[in-house]
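# Summary of structural features
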Amino acid sequence: MLCLCSEASLRNLPADISVAPGRLEVRSGAACEAAALPPGVSLAPSSCRGLRRLPGDGLHLRLQLRDAPSAPELVYNVRESLKPQKNYVFYCQSCGNVVVKERKFLRVLPLPSENWSALVEEWCCHPNPFARSTLLPQHGDCFLGDTFLLLNSRNQSYVPESPKCSSETEHHASQNDSTLKSKENTRVICERCKSTLGETVSSDTVKYYVTEVIIWPSEESFSTLPRSQFIQSVVAQCLAELSSAKSTFRFTIKGDDGRIYILIWLLNSDTLLVESSGSSSSHSVFTLFGDNFMHSCGPSGMWNAVKVLYQPCIKNRNKDLADAWENDFGVHPLKFPSETCLELLLMLSLSTASLPPSLQRMNSFQVAFLKM
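Residues numbered from 1 in each chain as written. Predicted model: local features only at pLDDT ≥ 70, side-chain atom pairs only at ≥ 80, totals over all residues. Heavy atoms only, no water.

- The record held by UniProt for the protein chain lists under Function (unreviewed entry) the comment "E3 ubiquitin-protein ligase which accepts ubiquitin from specific E2 ubiquitin-conjugating enzymes, and transfers it to substrates, generally promoting their degradation by the proteasome. Independently of its E3 ubiquitin-protein ligase activity, acts as an inhibitor of CPSF3 endonuclease activity by blocking CPSF3 active site."
- Per UniProt, the comment on the protein chain under Catalytic activity (unreviewed entry) is "S-ubiquitinyl-[E2 ubiquitin-conjugating enzyme]-L-cysteine + [acceptor protein]-L-lysine = [E2 ubiquitin-conjugating enzyme]-L-cysteine + N(6)-ubiquitinyl-[acceptor protein]-L-lysine." (UniProt positions renumbered as here; feature names shortened; annotations may be inferred.)

Have a look at this one:
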């Protein structure tokens, strides 16, 4: 669906619409709106259908892509980046400070889902044989979870110190103070920017959240990634991978304080997002989400993206639905630092606000896109 949100070229009807493989143009009187698509994206002009005008939205029509463009590279993929027998440096994603210097892992292994122990109890007709065992990395190991990785901290070149007490807990005063202080004692923070990077799991094991650290080969020069772009990519990949591996499409986004911040329902994980600036005379911007063409802003580019429905759960919003999802085995929990959950909610809200009004909601849920 192509949506031309600017009404400038539609004030004087009728309007002339011309579609070329790499360009779309709308003329109405003296006004003109045009958009050139990035290289590799080509439209099929003869497929144009469903032309209509919606008040508040602008012009809508449907088009097909002539050729499927090659998939753009992911912004960052920790599972592809992290390999055994290679030297890595861990950086704070927020400020670029070195978190762990020069580590070589002998083994890089995936962890089962967080509720694997409860599932074992359902499968076994005898007592759980793993009830007293924990999956912790030994020296030279790196374990990958859905949203975190576990490292053995013995002989580690550098680990940010975790504060014994922190003023960050003041806004959680409604909770039990002793519980909060115990939780704060395990928090691992960046020395430079004080961002939460993870938590200590045991005396020699540290958990780092994949949204908070960038793992980079030590022989390559490191360059930081914009925070919003990085968070979107990591979360979108996580949703797509889990939906493919476990046929799970509903997720709760939980903070490290145990609260649910967002309910997410994954709709599409194979969407192509194309953003293209308009002509210099009109300065309009078009965005293609899969088969949807929508107004947006930003530089010309092409990304893989996921389409999601979401409900915010801050300040007890949607509490009944959140409680129902939390008790549903078909819903997969994803845990991040609380600050990151709020950042993600802001990104989803901005994505929703960028869509035409008629496409911002589906039933009671809000619609958003996350770039990979």
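The rest of the description comes next.
### With respect to the sheet that holds strand S8 (residues 98–104)
- Within the open sheet, the 3 strands sit side by side as S8-S7-S15. Their pairing is antiparallel. A single partner strand is all that each edge strand has here, and the edge strands are S8 and strand S15 (213–217). Sheet twist, expressed as the mean angle between neighbouring strand axes with direction ignored, is 20°.
- Note that strand S7 (residues 87–92) and S15 share 5 bridges and pair antiparallel. Bridge assignment links Tyr91 to a residue of S15, and that residue is Ile214. (Pairing = 2+ DSSP bridges. Helix = DSSP H or I, 4+ residues; strand = E, 2+ residues; numbered from the N terminus. Axes fitted to C-alpha atoms, helices over the stretch in contact; angles between N-to-C directions.)

### A closer look at the environment of Leu359
- The residue Leu359 is located in the loop between helix H6 (338–353) and strand S22 (361–362) in this model.
- In the structure, Leu359 is positioned 302 residues away from Asp57 in sequence and 9.0 Å away in space, judged by C-alpha atoms.

### Some details on the packing of aromatic side chains
- This model, assessed by the stated rule, comprises 8 aromatic pairs.
- Geometrically, the ring pair formed by Trp265 and Trp325 is edge-to-face, given 6.0 Å between the ring centres and 70° between the ring planes. Taken together, the residues Trp265 in strand S17 (residues 260–277) and Trp325 in helix H5 (residues 319–326) connect sequence positions 60 residues apart.
- Looking at Trp325, the relative accessible area reads 5%, which means it is buried.
- In textbook terms, an aromatic cluster arises when at least three aromatic residues are bridged by ring pairs, as seen for Phe90, Phe105 and Tyr208.
- Its guanidinium or amino end placed over the ring of Phe148, Lys207 lies 4.6 Å from that ring's centre, counting from NZ or CZ.
- Positioned above the aromatic ring of Trp265 is the side chain of Arg250, whose terminal nitrogen or guanidinium carbon lies 5.7 Å from the ring centre. (Phe/Tyr/Trp six-rings, centres within 6.5 Å; stacked < 30°, edge-to-face > 60°. Buried < 20%, exposed > 50% of the residue type's maximum accessible area, 1.4 Å probe, protein only. Lys NZ or Arg CZ within 6 Å of the ring centre and 35° of its normal.)

### Section: the confidence of the model for the protein chain
- Averaged over the protein chain, the pLDDT score is 80; the fraction of residues at 70 or greater is 77%.
- Per-element mean pLDDT across the protein chain ranges from 36 in strand S19 (residues 292–295) up to 97 in strand S16 (residues 250–254).
- In the predicted structure, residues 163–176 sits below a pLDDT of 50 and forms 23 contacts with residues beyond four places in sequence or in another chain.
- For residues 277–299, every residue scores under 50 in pLDDT, and the model assigns this stretch 75 contacts once sequence neighbours within four places are set aside. (pLDDT = per-residue confidence, 0-100. Contact = heavy atoms within 4.5 Å.)

### Some details on the pattern of salt bridges
- Considering all chains together, one arrives at 12 salt bridges under this definition.
- Arg187 is paired through a salt bridge with Asp256; the nearest N and O atoms lie 3.7 Å apart. You can see Arg187 sitting in strand S12 (residues 187–189) and its partner Asp256 sitting in the loop between S16 and S17, a full 69 residues away along the chain. This pair shows no difference in class: Arg187 is buried, exactly as Asp256 is.
- Salt bridges linked by common partners bring Arg23, Glu25 and Arg27 together as one network. (Salt bridge = Lys/Arg side-chain N within 4 Å of Asp/Glu carboxyl O.)

### Quick notes on the side chain of Arg227
- Note on placement: Arg227 falls in helix H4 (residues 227–246).
- The class of Arg227 is buried, set by a relative accessible area of 18%.
- Within the local environment of Arg227, its side chain forms a polar contact with the side chain of Glu212, the two groups lying 3.1 Å apart.
- Not counting chain neighbours up to four residues away, the residues in contact with Arg227 comprise Gln93, Ser94, Thr211, Glu212, Thr340, Glu343 and Met347. (Polar contact = N/O pair within 3.5 Å; in protein donor to acceptor, adjacent residues only side chain to side chain.)

### Describing the pairing of S8
- Relative to S8, S7 is paired through 4 bridges, and the arrangement is antiparallel. Paired with Asn87 across the two strands is Lys104, which belongs to S8.
- Linking two consecutive strands that pair antiparallel, namely S7 and S8, is a turn of 5 residues; a positive phi of about 85° is found at Gly96 within it.

### A word on the side chain of Gln366
- Relative to the assigned elements, Gln366 resides in strand S23 (residues 365–371).
- Overall, the relative accessible area of 16% leaves Gln366 in the buried class.
- Look past the residues within four positions of Gln366 in its chain and what remains in contact with it is Val308, Leu309, Tyr310, Pro312, Thr352, Gln360 and Arg361.

### Remarks on unusual backbone geometry
- With a phi angle near 50°, Ser247 is a residue other than glycine that sits in the positive phi range.
- Tracing the chain through its elements places Ser247 in the loop between H4 and S16.

### Comments concerning H6
- Look at H6: 23 Å from first C-alpha to last across 16 residues, which is about the 22 Å you get at 1.5 Å a residue.
- Residues of H6 that are buried: Ser338, Thr340, Cys341, Leu344, Leu345, Met347, Leu348, Ser351 and Thr352. (Expected span 1.5 Å × (residues − 1).)

### A short note on the pairing of S15
- Counting buried positions over the 5 residues of S15 gives 5, a clear majority of the element.
- Residues of S15 alternate between two faces, with Val213, Ile215 and Pro217 on one and Ile214 and Trp216 on the opposite face, all of them buried.

### Some words on a nonpolar patch on the surface
- On the surface, a nonpolar cluster with roughly 340 Å² of combined accessible area is contributed by Phe249, Trp265, Leu267 and Met362.
- As for its placement among the helices and strands, Phe249 is situated in the loop between H4 and S16.
- Residue Phe249 is classed as partly exposed on the basis of its relative accessible area, which comes to 39%. (Patch = residues over 30% accessible without salt bridge, like charges linked within 9 Å, V, L, I, M, F, W, Y side chains within 5 Å. Areas by Shrake-Rupley, 256 points an atom, 1.4 Å probe, with all protein chains shown as cover.)

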